[in-house]
Amino acid sequence: MNKKIALGLAAATTMAMAMSANVFAEDVITIGFAQVGHESDWRTASTKSCQDVFSAENGYDLQFVDCDNDSAAQLEAVRGFIEQDVDYIIIDPIVSTGWDQVLTECEDAGIPVIIIDRTIDDSDKYVSWVGSNFKTEGLAAGEWLKAYAAEKGITEINALVIEGSKGSSAQIGRTDGFKEIADAEGWTILDSQDGDFTQAGGQEVMESYCKSYEGQFNVVVCQNDNEAFGAMDAMKAAGVSYGINGDVILISFDACTAGLEYVITGDINGDFECNPLAAPTVEEVIKQLEAGETPEKEVFMPEHWYVAEDILASITVGGEEQELTVVTQEIIDAQY
Ligand code: AHR
């Protein structure tokens, strides 16, 4: 083949590839995403979900900032996106307050904001929120413990709680939901401390609980899987047995793959799901906005309540009967 024709063909192929990859600047939708950090398996799954959906191949330019659980850094990231004049801003708010000023700045700049996962309490200047009902998760954990204790003939509950990062709506909702049932049932919550949603935090808090409350507790509630991994290490080291064959009932939240692997072995008794795969729904919201439509203000992610033992079919949460799912290998293989 003549060299000129070959070069022409190569250029045409490159152009066709570029067009199919939607990389022409005017077609690309630029998104700034201010992510909480990288503290947990859940967070890794959430980040991956956004990076997979908002990829260059799908026609997006994703500006991703890991805010490392630092609220000031998160506000700075959002202001950086305003300066870059991105098309959309996605925020997973580290804490639920302190947002109105920066969201007003986004509004003034004409940039639509979509909130994912955690909620914002002091502003409604965003087009849509996609996430979980954390209070329902806490209520479900409490209702399950109530039904499980009745089934097992356990009459006294002395619980230790390892909370998630203080001020996050995930920590606030799960704490309030579980406490509501604990108060109604007359359970004792011996202590409730911040484990910062990390394995190291869960281990540290549990080590101190094992010393301070030796022989006094029969329930440990960890507000995410990573804290539960740390708590298990601390209990093992202190000679405290847990899970379906142990002295302590262990409850967790998130139900990521690694968490469910401990449910199937019976080490974690119940794991209350928090679904991190919001990105496909966020993309639907963006498509609606692009089409000039008005998206739903609130979209709740579907979630399951996973348990180790096949002894209860369902629980009643907020007056509604909700199914309990016994973990199988098939479920674990399909999980995030
Ligand atoms: O906001 C969701 C929570 O944050 C998840 O439960 C936890 O794992 C994460 O760090």
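Preceding block: the structure.
Each chain has its residues counted from 1, following the order in which its sequence is written. Only residues with pLDDT of at least 70 get local features here, since the model is predicted, and only at 80 or more are side-chain atom pairs given and counted; chain-wide, interface and lining totals rely on the full set of residues. As a rule here, side-chain values cover all heavy atoms of the structure and leave hydrogens and water aside.

J.: Help me out: how do you make sense of the packing of helix H7 (residues 199–212) against helix H8 (residues 225–238) in this one?
T.: Angles shown run from 0 to 180 degrees and are taken between the N-to-C directions of axes, each axis being a line fitted to C-alpha atoms and, for helices, limited to the stretch in contact. Strands are runs of DSSP state E lasting at least two residues, helices are runs of H or I lasting at least four, and both sets are numbered from the N terminus onward. Contact geometry of H7 with H8 gives a least axis separation of 7 Å together with a crossing angle of 35°. Relative to H8, the crossing made by H7 is right-handed. Across the interface between the two elements, Gln199, Gly202, Gln203, Met206, Glu207 and Cys210 from H7 touch Asn226, Glu227, Phe229, Gly230, Ala231, Asp233, Ala234, Met235 and Ala238 from H8. Tallied by class, residues from the contact of H7 with H8 come to seven nonpolar, five polar and three charged. When the near helix sits turned anticlockwise from the far one by under a right angle, the crossing is termed left-handed; a clockwise turn instead gives a right-handed crossing. Every residue pair with non-hydrogen atoms within 4.5 Å of one another is taken to be in contact. In this classification, Asp, Glu, Lys and Arg are treated as charged, Ala, Val, Leu, Ile, Met, Phe, Trp, Tyr, Cys and Pro as nonpolar, and every other residue, Gly included, as polar.

J.: Honestly, the site of the ligand in this entry has me stumped. Any pointers?
T.: One heavy atom within 4 Å of a molecule or strand makes the whole residue count as near it. Inspection of the region around the ligand gives Glu39, Ser40, Trp42, Arg43, Asp117, Arg118, Ala170, Arg174, Phe197, Asn224 and Asp254 as its neighbouring residues. In this structure, Ser40 approaches the ligand through a side-chain N or O atom, which is 3.1 Å from an oxygen atom. Counting of polar contacts relies on pairs of N or O atoms within 3.5 Å, with two restrictions inside protein: one atom must be capable of donating a hydrogen and the other of accepting it, and residues adjacent in sequence are counted only when both atoms are side-chain atoms. In this structure, an oxygen atom belonging to the ligand sits 2.5 Å away from a side-chain N or O atom of Asp254. Among the secondary structure elements, those contributing two or more residues to the shell around the ligand are helix H2 (41–53) and helix H6 (169–185). Split by residue class, the shell around the ligand holds three nonpolar, two polar and six charged.

J.: I'm lost on the pattern of salt bridges in this one. Help?
T.: Think of it this way: side chains of opposite charge can pair up when their charged atoms draw near. For this analysis, a salt bridge means a side-chain nitrogen from Lys or Arg found within 4 Å of a carboxyl oxygen belonging to Asp or Glu. Evaluated as defined, the whole model comprises 17 salt bridges. Asp117 serves as the salt-bridge partner of Arg43, at 3.4 Å between the closest nitrogen and oxygen. Linking Arg43 in helix H2 with Asp117 in strand E4 (residues 113–117), this pair joins segments that are 74 residues apart in sequence. Note on classification: 1.4 Å probe, protein chains only; a residue is buried when its accessible area is under 20% of the maximum for its type, exposed when over 50%, partly exposed between these limits. The class for Arg43 is buried, based on a relative accessible area of 2%.

Coordinates in, geometry out; function isn't part of it.
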